[in-house]
Amino acid sequence: MSTRFNHRRTFLRGASAGGLALLGASLPLAAVRAAAAQAAAAQAADPWQQAHAIADRLQMPVKFRKVDYSIADFGAAPCRLVPVKAWISFEEQETVKTPAPDSKDCYAPIRDAIARCHAEGGGRVVIPKGDWFCAGPIVLLSNVNVHLQAGAHVYFSNDPRDYAKYGDVDCGANGKLVVSRWQSNDCLNFSSMIYAHNQNNIALTGDDWTAILDGQGGVPFAGSSDCWWTWKGKNMTINSVAQDKSPNYVPGKLAQNQPNPNNPASLADIAPGLSDDKRRLIQGSGDKWRADDAFLPALSEAGVPIEKRVFGLGHYLRPPMIHLVGCTGVLLQGYQVTHTPFWQHHPVACRDLTIRKVYANSLGPNSDGFDPESCDGVLVDGCQFDTGDDCIAIKAGKNLDTQFGPSQNIVIQNCIMHSGHGAVTLGSEMSAGIQNVYAQDLVFQNKNWATNPLNIAIRLKTNMNRGGFLRHFYVRNVSIPNGVQTTPSFYATLPGSPIPDRSVAAAAGGVITFDCDYTPRADNVRIRPPEVSDVHISNVKVGNVMAKDGKRFSSYQAVVILGPVAFDYNGPDPRPDVLPVRDVTITDCDFGTPSNAGNPWFLYNVRNLRMSNVTIAGKKVNTTLSA
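Notes on the structure in this doc start here. Positions within a chain are numbered from 1, following the residues in the order the chain's sequence is written. Note on the predicted model: pLDDT of at least 70 is required for a residue's local features to be given, and 80 or more for side-chain atom pairs to be given and counted; whole-chain, interface and lining totals, by contrast, use all residues. For the side-chain quantities, the full set of heavy atoms in the structure was used; hydrogens and water were omitted.

1. Regarding helix H3 (residues 107-119)
- The helix count covers DSSP runs of H or I at least four residues long, the strand count covers runs of E at least two residues long, and both are numbered beginning at the N terminus. Expected helix span is taken as 1.5 Å per residue step, with the number of steps being one fewer than the number of residues. Given a rise of 1.5 Å per residue, 13 residues ought to cover 18 Å, and the 18 Å separating the end C-alpha atoms of H3 matches this to within 8%.
- Residues Tyr107, Pro109, Ile110, Ala113, Ile114 and Cys117 constitute the buried set of H3.
- In this description, contact between two residues means that some pair of their heavy atoms is separated by no more than 4.5 Å. Next to the buried residues of H3 lie strand S3 (68-70), strand S6 (123-127), strand S7 (130-134), strand S8 (138-139) and strand S9 (144-148).
- A positive backbone phi angle near 105° is found at Gly121, which sits one or two residues after H3. Exposure categories follow from relative accessible area, calculated using a 1.4 Å probe and restricted to protein chains: below 20% of the type maximum is buried, above 50% is exposed, and the middle band is partly exposed.

2. Comments concerning the pairing of S9
- By the criterion of burial, S9 is predominantly enclosed, with five of the five residues buried.
- Burial along S9 is two-sided: the residues Val144, Val146 and Leu148 and Asn145 and His147 are all buried.
- By the bridge criterion, five bridges tie S6 to S9 in an arrangement that is parallel. Looking at the pairing, Arg124 lines up with Asn145 of S9.
- Note: S9 against strand S15 (residues 200-206), four bridges, orientation parallel. Bridged to Asn145 within S15 is Ala203. Think of it this way: DSSP has to see at least two bridges between two strands before they count as a pair.

3. Regarding the nonpolar core
- For the purposes of this section, nonpolar cores are sets of buried Ala, Val, Leu, Ile, Met, Phe, Trp, Tyr and Cys residues that join through side-chain atoms within 4.5 Å. Ranked by size, the top nonpolar core spans 119 residues in total, and within it Leu213, Phe444 and Phe591 carry the most contacts.
- In this view, Leu213 contacts Leu148, Val154, Phe156, Ile194, Leu204, Met321, Ile322, Tyr335, Gln336, Val337 and Thr338; residues no more than four positions away in its chain are not counted.
- Counting 19 residues, the second-largest nonpolar core is a separate cluster that includes Leu317, Phe342, Trp343 and Val525.

4. Description of the sheet that holds strand S36 (residues 557-562)
- Pairing is parallel across the open sheet formed by six strands, whose spatial order is S25-S28-S30-S32-S36-S38. Two strands close off the open sheet at either side, each with one partner strand: strand S25 (392-394) and strand S38 (601-604). Each neighbouring strand pair of the sheet contributes to a mean axis angle of 5°, computed without reference to strand direction.
- Of the pairings in the sheet, the one linking strand S32 (residues 510-515) to S36 comprises five bridges and is parallel in character. In the strand pairing of S36, Thr513 is matched with Val560. Structural elements are reduced to axes, namely lines fitted to C-alpha atoms, with helices fitted over the stretch in contact, and the angle between N-to-C directions of any two is expressed from 0 to 180 degrees.

5. Overview of the pattern of salt bridges
- Salt-bridge detection follows one rule: a side-chain nitrogen of Lys or Arg within 4 Å of a carboxyl oxygen of Asp or Glu. With the rule as written, the count across this model stands at 22 salt bridges.
- Of the charged contacts in the structure, one is a salt bridge between Asp390 and Lys461, with a shortest N-O distance of 2.7 Å. Here Lys461 lies in strand S30 (residues 456-461) and Asp390 lies in the loop between strand S24 (384-387) and S25, a separation of 71 residues in the sequence.
- According to the relative accessible area criterion, Lys461 is buried, its value standing at 4%.

6. Focus: the packing of aromatic side chains
- Stacked, edge-to-face and tilted are the three classes for Phe, Tyr and Trp ring pairs, Trp counted by its six-membered ring, which pair at centre distances within 6.5 Å; planes under 30 degrees apart are stacked, over 60 edge-to-face, the rest tilted. Tallied over the entire structure, the rule returns 17 aromatic pairs.
- Plain terms: the ring middles of Tyr163 and Trp228 are 6.3 Å apart, the flat faces sit at 50° to each other, and that makes the pair tilted. Highlighted residues: Tyr163 in the loop between strand S10 (152-156) and strand S11 (169-170) and Trp228 in the loop between strand S16 (212-214) and helix H4 (276-283), separated in sequence by 65 residues. The pair formed by Tyr163 and Trp228 is uniform in burial state, with each residue classed as buried.
- Relative to Tyr359, the ring of Trp209 has its centre 4.9 Å away and its plane inclined at 35°; by these criteria the two rings are tilted. In this pair, Trp209 is assigned in the loop between S15 and S16 and Tyr359 in strand S22 (residues 359-362), connecting sequence segments 150 residues apart.
- Aromatic rings pair up to connect Tyr163, Phe190, Phe221, Trp228, Trp231 and Tyr316 into one cluster.
- We note Arg476 situated over the ring of Trp48; from NZ or CZ to the ring centre the distance is 4.1 Å. We call a charge positioned over a ring when the NZ of a Lys or the CZ of an Arg lies within 6 Å of the ring centre and within 35 degrees of the ring normal.

7. Structural notes on the side chain of Ser428
- Mapped onto the elements of the fold, Ser428 is located in the loop between strand S28 (422-427) and strand S29 (434-444).
- Contacts described as polar in this section are N or O atom pairs within 3.5 Å, which, within protein, must combine one atom able to donate a hydrogen with one able to accept it, while residues neighboring in sequence count only if both atoms come from side chains. Side chain to side chain, Ser428 and Arg466 meet in a polar contact 2.6 Å long.
- Non-local contacts of Ser428, meaning those with residues more than four positions away in its chain, are made with Lys395, Lys461, Thr462, Arg466 and Tyr518.

This is the structure in structure tokens:
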């Protein structure tokens, strides 16, 4: 079964007004197998020694000429700020500051400074202290470090049209777009606020957290009450706490999850070679597949090339704030990012990337803090996260977009997490697999536990569509002083499923949650069973907080492991093997007191879960479980 994941590692190259090319090469199979055997041997010897080696190698992955280029020398000027009522989270509004309508646009001066720096051999492009308005993307080029001085605050335009002006691919009425990935599917879309494609030796840095990159995700569009976050649409989680609304959204309004009349009425219009059976499987019943967030995965399943996956203007796929595609040697360090339209950081197919001492601070819909996808060699060190979705979510392609291979060799350490769906998450988009991930010395502080709690501490999510594998995942030394959400939240299961609705708290409430039946109703094609094995978690300490009834709890349940659900499969016979989650160890942990005292854990399709020296509600647990 593992041979399904020996994908070619290809790269998106050559974006231009005339179109795109997808180029790539594969390693000899013998070399791949030899490397895998060598890695497995190292893991068996001492996985944390391997983590230490990765962290040491990535301490400083970049080097630049010691020459500065100030954007002020290229015509940039600070802006005047005015007050505006804006959304600051799913549910809250406040008066914030935004650039005045007559503010000078610094897009061109920043672009020109980067171009000059790059052409002259590299160096540092400096954004000085002050307030700056940028109505377009900051595009990073090789050998350039864009650096924000203390007190520099860049306000990016909140007009979507400004991110469909400067891309390399002219898509007519949809705008000039860029090569992108949206929720792990390749497309042409709005540029992110900070973007790089196939660049080497690049950096985005700041003096400290007063150096701010502001996406203005909750600031209303001109002449409208909507904002970037309105495009999320309605959240479908059952019994969610806090993170359950999209600002200014009402039923019937166009959004990413509402059928878009700009999309074809049938896949036959864009993929005429599909058989009727396959087309019906991909589209499912009704027209929900025509919503942008379903239409893009449908294009992947149908094998439609990227040059025909055109979004941008007329569509509702919000861009990530910082999006790096196919880059090598990357440093992200020392700044704050806030109010992002979508994911805060999304590197794709990058190699040797370090993110250090960054404050990922955005509480809007899908404001994931850091989502490395199909990256090899990543260090996350000393960062802080307060997010409207997962703090860290490791991803690796979705549907048939697996050409970049697995995410692997990732170290997460010395970080602090507050609000978010999951503190350290793997998936849900992980079709190409995730392996060799090490998380250590972390504090899930959950400072907002009373009003906007961390949903889950350690989280895996996949399903029969996203498939993929997770193996060799190691976690140790995690403090969770204020617990996680103490009430359960659920996802809707398929009709007739052996997993009834409102029976498994997979959306929120578990300290450790492995969900292999993640939002199954969202995916029409369910033919790729996931594989989860070799997960080792130790020294997790969870505190209790005061619940509404005056009792003190740490969570709803300590452990939730929902393995793959064979019932969900809807492909042809013969059916593939649906393997249990296996070989998971949890040792030397204290999970505090779950509110579900009668059922402190939930297991389905699990083999050899070993708990050793584990304390739950003051009682020691030493057992091996299968279900």
